[in-house]
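# Coordinates in review
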Amino acid sequence: APSCARCEGPVAGGGVSALGRAWHRECFVCSDSGKPLGTGPFQVRDGLPVAHGARQTPLCAECGEPADSDRLYAMGRFHHAACFVCVHCKARIGGRRFVVHDGEPYLESCFHKVFGEPAPHAPSSHEGAGERRHYAGMV
């Protein structure tokens, strides 16, 4: 059986096929509201299903409020620039290079202070295992 695009569990009979993937009916929900989409119309935003007519502004991954201005895209999600901060020193990251370690962003210098080693050199990417250098994209 194919894996559910949301929970990765096996989808047996009765699932939903959308966006080229399989979903459990209870997992096929609006990424804004969390309400089930059923078989009704939906839109796609950032590769995820949203209810037809749903708000067009993505939510900040940190505070959950609409990120309608002064936002950036990092670690596969949108953030207000003021909310996207180094987990160690709490300084805004903005356009500076950062390292993701255990799912948390560190300014490169803080990573070195905390872990006693230079940040790993790796191609810039938004997803990946271990630690990698990244830049947030202002959008």
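The rules behind the values
- Residues numbered from 1 in each chain as written.
- Predicted model: local features only at pLDDT ≥ 70, side-chain atom pairs only at ≥ 80, totals over all residues.
- Heavy atoms only, no water.
- Buried < 20%, exposed > 50% of the residue type's maximum accessible area, 1.4 Å probe, protein only.
- Helix = DSSP H or I, 4+ residues; strand = E, 2+ residues; numbered from the N terminus.
- Arc of directions from axis to C-beta.
- Core = buried A, V, L, I, M, F, W, Y, C linked by side-chain atoms within 4.5 Å.
- Contact = heavy atoms within 4.5 Å.
- Salt bridge = Lys/Arg side-chain N within 4 Å of Asp/Glu carboxyl O.
- Phe/Tyr/Trp six-rings, centres within 6.5 Å; stacked < 30°, edge-to-face > 60°.

Let us now look at helix 1 (residues 108-115). Along helix 1, the positions that sit buried rather than exposed are E108, C110 and F111. Taken around the axis of helix 1, the buried residues stretch over an arc of 155 degrees, which confines them to a single face.

Attention now moves to the nonpolar core. Side chains that are nonpolar tend, in soluble globular proteins, to be buried together. Judged by nonpolar contacts, L72, A74, M75, A81, F84, C86, I93, F98, V100, L107 and C110 together constitute the single largest core of eleven residues. Elements supplying a minimum of two residues to this core: strand 5 (71-74) and strand 7 (98-101). Excluding residues within four positions of it along the chain, L107 makes contact with C86, C89, A91, I93, R96, R97 and F98. Listed in part, the seven residues of the second largest apolar core include V16, A18, F28 and C30.

Before going further, it helps to spend a moment on the pattern of salt bridges. Summed over the entire model, instances satisfying the criterion amount to one salt bridge. For the salt bridge of R97 with E108, the shortest nitrogen-to-oxygen distance reads 3.0 Å. Of the two residues, R97 is situated in the loop between strand 6 (77-80) and strand 7 and E108 in helix 1; the sequence distance between them amounts to eleven residues.

With that settled, consider the packing of aromatic side chains. According to the stated counting rule, one finds seven aromatic pairs in the structure shown. Judged by centre distance (5.2 Å) and plane angle (85 degrees), the rings of F28 and F42 are edge-to-face. Within this pair, whereas F28 is found in the loop between strand 2 (21-23) and strand 3 (42-45), its partner F42 is found in strand 3, the two being separated by 14 residues in sequence. One aromatic cluster is present, built from ring pairs that chain together W23, F28 and F42.

Interpretation in functional terms is not warranted from these geometric data alone.
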